[in-house]
Amino acid sequence: MTSRTPIDLLPRAANVSRRGFVTGLSAGIVGAVATEAAGAETLADVPDRGPGADLSAHSERSRFAKIDRIPESTPGKRNIDPGDAINSKTPHQKLVGNITPTDLHYERSHSGVPDIDPAQHRLLIHGMIRKPLVFSVDDLKRMPSVTRIVFIECTGNGWENWKKADPDVTVQNTHGLVSTNEWTGVPLKFLIDLVAKDKSSNWMLAEGGDGAGVDRSIPLTEEIVNEAFVAYGQNGEPLRPAHGFPMRLVMPGFEGNLNIKWLRRLKFGNEPWMTRWETARYTQLLANGKARQFQLRMETNSVITHPSGMMQIQPGYNRISGLAWSGHGKIAEVEISTDGAKTWMPAQLSQPVLSKAQVRFQMDWAWDGKPTKIVSRSTDDQGNVQPDRQSFIAAMGTNALFHYNAQQTWSIDEAGRVRNVLA
Amino acid sequence: MSSHSKLFLAVALTLGLLAAPALGFDFGRPAMPEEIKLWDIDVGPDGKGLPDGSGAVAPGKQIFADNCAACHGDNGQGGIKDRLAGGQGTLTSNMPVKTVGSFWPYATTLFDYIHRAMPYPTPGSLSTDETYAVTAYILSLNGIIPADGKVDKESLPKIKMPNRDGFIPEPEFDPAKLFRKK
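My aim in this report is to walk through the structure given alongside it, one point at a time. (Residues numbered from 1 in each chain as written. Chains lettered and ligands numbered in written order. Predicted model: local features only at pLDDT ≥ 70, side-chain atom pairs only at ≥ 80, totals over all residues.)

## Focus on the overall build of chain B
(1) Moving on: Each helix and strand in chain B was counted, giving six helices and four strands.
(2) Moving on: Going residue by residue from the N terminus, the α and β elements of chain B occur as α-β-α-β-α-α-α-α-β-β.
(3) Moving on: For chain B, the proportion of its 182 residues judged to be buried stands at 35%.
(4) Moving on: Sequence-distant contacts, at least 24 apart, represent 58% of the contacts inside chain B between residues at least 6 apart. (Helix = DSSP H or I, 4+ residues; strand = E, 2+ residues; numbered from the N terminus. Buried ≥ 20, exposed ≤ 12 C-beta atoms within 10 Å, placed from the backbone. Contact = placed C-beta atoms within 7 Å.)

And the structure:
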């Protein structure tokens, strides 16, 4: 049986010979040792083994792993008091794999996080239906359930780069408003059948139990009826309060704001309600002064997370890695350019590649030490290609605020410093 | 809710449960009309859902000063939170100012939003007439109704907001076309 190292499984860039690859790898390790202030020069320096801490009721992160979200506000408003924050961003630059840890899933709330006792929470379903019903959390848990891994993305994800690119930001600042979790709950279709919806009802109002009573009109397309669900589980445990405890709507592939948290009411009707959120807020102002409305689906997107903003790399071997996702379906391909979008090479996708979920991509790269730019570009199984910034801005202008999915470019200078640039 | 209506609900719920056939409501329980009313607060662009009552600009100005100006500023401008007035003519500029007057397409949405979400620390604390009055005041700040104007459930849906035609529905989810093909 042939033994293969994990590195052999990775696709190699055409310009990296086997010999050059190994040389580059050594250089990279030397570089890493130099920059990380050697903790253990020889094996003799590694601390002795010994009895560890007592077992515990639940696991905490290592004290050596510093990973946090960062609360932020509108574009450019960073390093703010949490009391002034309107969202809290996922640290993609410190994460691996496809799934976002539950406590690091991004958060966007419009009136804080309510402290809801599930025993006192109720879901009312009424409107154009035959049987208006009230459900408790336990009622929902007794029903047939679905479990699905999906991304949820705030429509403001990427909004730092509409008008300019602040160089000193991380991928957490630019793309921290998308995360992927496994959610468990009751199919919307099951609830619709239970309440005997009128055939003529094709819009649904979903309303939250937060102070703002956030509400959105949802078109009952076949796709939405078949895929939406009312979730009470998140990565195997009850929803976290920040993510809608005790129940929320999950709308795979659609605007984060439609995934109503702390869900307490579903009302069936036959036209949209024109709530503040779908008129004054989550609409996209174009250059001609008109605003796109009901742009409900999240677009085909990707971003390189390693290396990314504010990191520093060494010449030689570098692994490029990132995340890709699409509200249209599965990611079919991710390409990476290491020469500022002149030439592209295919990246490897981590399995499984799921519809409307983030997938990690990676590629080997030998950096020659010369200044350059790295970019990723995703394509989904419906044929949608993530646009370059120039054509994206030509179509959307720079005032849209939401639904930014242009390709993200990171520049690398002669010292290996990685910075945010427009293209 | 008064203790009287709580008693009504309790009786109604018991009767409802007893009357339900064994398999009729396997999950949940019937929602009673009286309790639905408590939560059924949404207002549509045609005015559906607007309650009886009315409010004028003048009392609205005082209610705004007492409940809203701390965040939204005097006259709906210059506060720490969303600007509510002005901004007309800025939507094509590099610094668009989106306010009720420059951007919001429906006056009904203003009533709905104030009623459900404002004032931020105590949402729903304004009475129906107070909510109409604040709505009237914000509309008057934007020159949409006169300083001696008032609004109610008849007049509010008839107001044509300055940016009413400023929205282009995404073709995939255009309410005018969706579900009409079959």
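## Description of the sheet that holds strand S21 (residues 359-367) of chain A
Residues and elements named next belong to chain A.
(1) Moving on: One open sheet accounts for four strands, arranged S16-S17-S21-S20; its pairing is antiparallel. Only two strands of the sheet have a single neighbouring strand rather than two, namely strand S16 (301-306) and strand S20 (348-349).
(2) Moving on: Sheet topology note: the S16/strand S17 (residues 316-325) ladder contains five bridges and is antiparallel. Its bridge partner lying in S17, Val303 is registered against Leu323. (Pairing = 2+ DSSP bridges.)

## Some words on the interface of chain B and chain A
(1) Moving on: Taken together, the 37 residues of chain B in the interface contact 42 residues of chain A.
(2) Moving on: Of all the secondary-structure elements, those providing two or more residues to the side of chain B that touches chain A are strand S1 (29-30), helix H2 (33-39), helix H5 (107-117) and strand S4 (167-169) of chain B.
(3) Moving on: Sorting elements by how many residues they give to the side of chain B that touches chain A places H5 of chain B first, with five residues.
(4) Moving on: Across the side of chain B that touches chain A, the residue classes tally to 24 nonpolar, five polar and eight charged.
(5) Moving on: Here strand S5 (residues 133-135) of chain A runs beside S1 of chain B; their pairing, made up of two bridges, is antiparallel. Bridge pairing in S1 of chain B links Val134 of chain A to Arg29 of chain B. (Nonpolar A, V, L, I, M, F, W, Y, C, P; charged D, E, K, R; others polar.)

## As for the pairing of strand S18 (residues 331-337) of chain A
Residues and elements named next belong to chain A.
(1) Moving on: Relative to strand S22 (residues 372-380), S18 runs antiparallel, the two being bridged by six bridges. If you follow Ile336 over to S22, its bridge partner there is Ser376.
(2) Moving on: The sheet contact formed by S18 and strand S19 (residues 345-346) spans two bridges and is antiparallel. The partner of Ile336 across the bridge, within S19, is Met345.

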